[in-house]
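# Survey of secondary and tertiary structure
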Amino acid sequence: MNWFILVVAGFFEIGWAVGLKYTHGFTRLWPSVGTAVSMIISLGLLGVAMKSLPVGTAYAVWVGVGAVGTAILGIVLLGESANPVRLLSLGLIVAGIVGLKLATPA
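Before going into details, it helps to say that this report is about the structure given with it. Fair warning: this is a prediction, and the values are worked out from it, not measured in the lab.

We now examine helix α3 (residues 55-78). Over its 24 residues, α3 extends 32 Å from the first C-alpha to the last, a length consistent with the 34 Å expected when each residue adds 1.5 Å. Turning to α3, its buried residues number three or more, namely Thr57, Ala58, Val61, Trp62, Gly64, Val65, Gly66, Val68, Gly69, Ala71, Gly74 and Ile75. At its buried positions, α3 is contacted by α1 (2-23), α2 (29-49) and α4 (84-103). The first or second residue beyond α3 is Gly79, which carries a positive phi of 70 degrees.

Take a look at the structure:
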């Protein structure tokens, strides 16, 4: 269950990272509110997941999910580059996340 909570925390990290783009430096109210709420939920869920997961593993997975998801949404929503080296690099991050999961006791 804590792995599921950790992945959900990573999804909220994606939300606040992408949300930052839409706040325009926190000058737009509703995107700023949504971004702040996503930050709070993300950190709260990370804290819950860390109750039983190793801190290094949990943090690395949280950051990895957030980084990969944010990069993918940057490609899809913002027209950022999807060149082969970038996609390969994202694949390596995913492989690292999977490796951390496999190497961590339940």
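Following the structure, the description resumes.
On to the nonpolar core, then. For soluble globular proteins, the rule of thumb is that nonpolar side chains tend to be buried together. Core analysis: the biggest nonpolar cluster contains 14 residues, and Leu6, Leu53 and Val61 have the highest contact counts within it. Of all elements in the fold, only α1, α2 and α3 reach the threshold of two or more residues within this core. With six residues, α1 is the largest single contributor of residues to this core. Beyond its immediate sequence surroundings of up to four residues, Leu6 is in contact with Leu46, Ala49, Leu53, Ala58, Val61 and Trp62.

Turning next to a nonpolar patch on the surface. A cluster of nonpolar residues, Tyr22, Ile72, Val76, Leu77 and Leu78, forms a patch on the protein surface that exposes about 450 Å² of accessible area. Take the nonpolar patch: its biggest share by element is four residues, from α3. Assignment of secondary structure puts Tyr22 in helix α1.

Here the focus is the packing of aromatic side chains. Scanning the model with the defined rule gives one aromatic pair in all. Between the aromatic rings of Tyr59 and Trp62, the centroid separation amounts to 5.7 Å while the plane-to-plane angle is 45 degrees, which identifies the pairing as tilted. Residue Tyr59 and its partner Trp62 are both found in helix α3; the two are separated by three residues, about one turn of the helix. For Trp62, a relative accessible area of 6% translates into the label buried.

Moving on, we get to unusual backbone geometry. In this structure, His24 takes a positive phi of about 50 degrees despite not being glycine. One can find His24 in the loop between α1 and α2.

Another point: the environment of Gly47. For Gly47, the location among the structural elements is in helix α2. Exposure remark for Gly47: the relative accessible area of 37% places this residue in the partly exposed category. Once the C-alpha coordinates of Gly47 and Leu73 are considered, the two residues, 26 residues apart in sequence, prove to be 25 Å apart.

For Thr35, the location among the structural elements is in helix α2. Overall, the relative accessible area of 2% leaves Thr35 in the buried class. Non-local contacts of Thr35, meaning those with residues more than four positions away in its chain, are made with Trp16, Gly19, Leu20, Thr23 and Phe26.

Cut-offs and rules
Residues numbered from 1 in each chain as written. Predicted model: local features only at pLDDT ≥ 70, side-chain atom pairs only at ≥ 80, totals over all residues. Heavy atoms only, no water. Helix = DSSP H or I, 4+ residues; strand = E, 2+ residues; numbered from the N terminus. Expected span 1.5 Å × (residues − 1). Buried < 20%, exposed > 50% of the residue type's maximum accessible area, 1.4 Å probe, protein only. Contact = heavy atoms within 4.5 Å. Core = buried A, V, L, I, M, F, W, Y, C linked by side-chain atoms within 4.5 Å. Patch = residues over 30% accessible without salt bridge, like charges linked within 9 Å, V, L, I, M, F, W, Y side chains within 5 Å. Areas by Shrake-Rupley, 256 points an atom, 1.4 Å probe, with all protein chains shown as cover. Salt bridge = Lys/Arg side-chain N within 4 Å of Asp/Glu carboxyl O. Phe/Tyr/Trp six-rings, centres within 6.5 Å; stacked < 30°, edge-to-face > 60°.

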